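This is what each chain is made of:
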Amino acid sequence: VIGMLNNLVCEVACSFPDLFYNQAPNDRAEMKEFGAASTMCMRSYGVTGLAAAEHGIPFCSMQAGHLSGGRISYEVSGDMLRQLTSNVAELAERLNKPPQP
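Sequence positions are assigned chain by chain, starting from 1 and proceeding in written order. Local features in this predicted model are restricted to residues of pLDDT 70 or higher, and side-chain atom pairs are both shown and tallied only at a pLDDT of 80 or more, whereas totals for entire chains, interfaces and linings draw on every residue. Excluded from the side-chain calculations are hydrogens and water; all other atoms, namely the structure's heavy atoms, are used.

Caption draft 1: View of the overall build of the protein. Here a helix means four or more residues in a row that DSSP labels H or I, a strand means two or more in a row labelled E, and each is numbered from the N terminus. Assigned secondary structure in the protein consists of four helices and two strands. Taking 2.2 N^0.38 as the reference for a compact globule, 101 residues should give roughly 13 Å; the C-alpha atoms of the protein span a radius of gyration of 17 Å, well beyond that estimate. Considering only C-alpha atoms, the protein reaches an extent of 50 × 25 × 20 Å along its principal axes. Relative accessibility thresholds used throughout: buried, under 20% of the residue-type maximum; exposed, over 50%; partly exposed, between the two (1.4 Å probe, protein chains only). Each of the 101 residues in the protein was classed as buried or not, and the buried ones make up 22%. In the protein, of all internal contacts separated by at least 6 residues, the share reaching a separation of at least 24 is 43%. Note on method: radius of gyration uses C-alpha positions; expected globular size equals 2.2 Å times residues raised to 0.38. Whether two residues touch is decided by their heavy atoms; if any such pair falls within 4.5 Å, the residues are in contact.

Written out as structure tokens, the structure reads:
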């Protein structure tokens, strides 16, 4: 599924190259490199992101523990919050790199 989604991102980049930081691939052989440079897999945002959105709390302000009072009760783990913080740091690092030619 991730490969298919990366290919869709590459197709959009070829049609709208000004939307992307990295240069759109010239041919299919370059799609994998473009996908690696332009996308990130952040699987851990799902439930914690949903909890943050439902309660109006940025996940970077959340603390580990039980979160209730909305439609669903959530168990937010410290490991998950550390992973989310790490994901954001990695994203910021990628955004600060110069674009690939």
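Caption draft 2: Region of the structure containing helix 2 (residues 31-38). The complete set of buried residues in helix 2 reads Met31, Phe34 and Gly35. Down the axis of helix 2, the sector holding all buried residues measures 100°, keeping them to one side. For helix 2, the elements touching its buried residues are helix 1 (2-15). To obtain the arc, one takes the directions from the helix axis to the C-beta atoms.

Caption draft 3: Highlighting the pattern of salt bridges. A pair is scored as a salt bridge if a Lys or Arg side-chain nitrogen falls within 4 Å of a carboxyl oxygen belonging to Asp or Glu. Within this structure, the stated rule accounts for two salt bridges. When the shortest N-O distance is used, the salt bridge between Arg71 and Glu54 registers 3.7 Å. Here Arg71, found in the loop between strand 1 (65-67) and strand 2 (74-76), pairs with Glu54, found in helix 3 (residues 45-55); they are 17 residues apart in sequence, far enough to count as distant. Residue class for Arg71 comes out exposed when judged on its relative accessible area of 71%.

Caption draft 4: Seen up close, helix 3. Listing the buried residues of helix 3 in full gives Thr48, Ala51 and Ala52. One side of helix 3 carries all its buried residues, which in axial view fall inside an arc of 95°. In this structure, the buried residues of helix 3 make contact with strand 1, strand 2 and helix 4 (78-96). Count one or two residues on from helix 3 and you reach Gly56, which has phi positive near 70°.

Caption draft 5: How the structure looks around a nonpolar patch on the surface. A residue counts toward a patch only above 30% relative accessible area and without a salt bridge, and it is joined to like-charged neighbours within 9 Å or, for Val, Leu, Ile, Met, Phe, Trp and Tyr, to nonpolar neighbours within 5 Å. Residue burial considers only the protein chains on display, and all accessible areas are found by Shrake-Rupley using a 1.4 Å probe. On the surface, Met4, Leu5 and Leu8 cluster together to form a nonpolar patch covering roughly 280 Å² of accessible area. Mapped onto the secondary structure, Leu8 falls in helix 1.

Caption draft 6: Just the nonpolar core, in detail. The biggest cluster of nonpolar side chains holds nine residues, and these are Ala51, Ala52, Phe59, Met62, Leu67, Tyr74, Val76, Leu81 and Leu84. Secondary-structure elements contributing two or more residues to this core are helix 3, strand 2 and helix 4. Setting aside chain neighbours within four positions, we find Ala52 in contact with Ile57, Pro58, Phe59 and Met62. Only buried residues count toward a nonpolar core, which is a set of Ala, Val, Leu, Ile, Met, Phe, Trp, Tyr and Cys residues joined through side-chain atoms within 4.5 Å. The next biggest cluster of nonpolar side chains, apart from the first, holds five residues, and it includes Cys10, Ala13, Met31 and Phe34.

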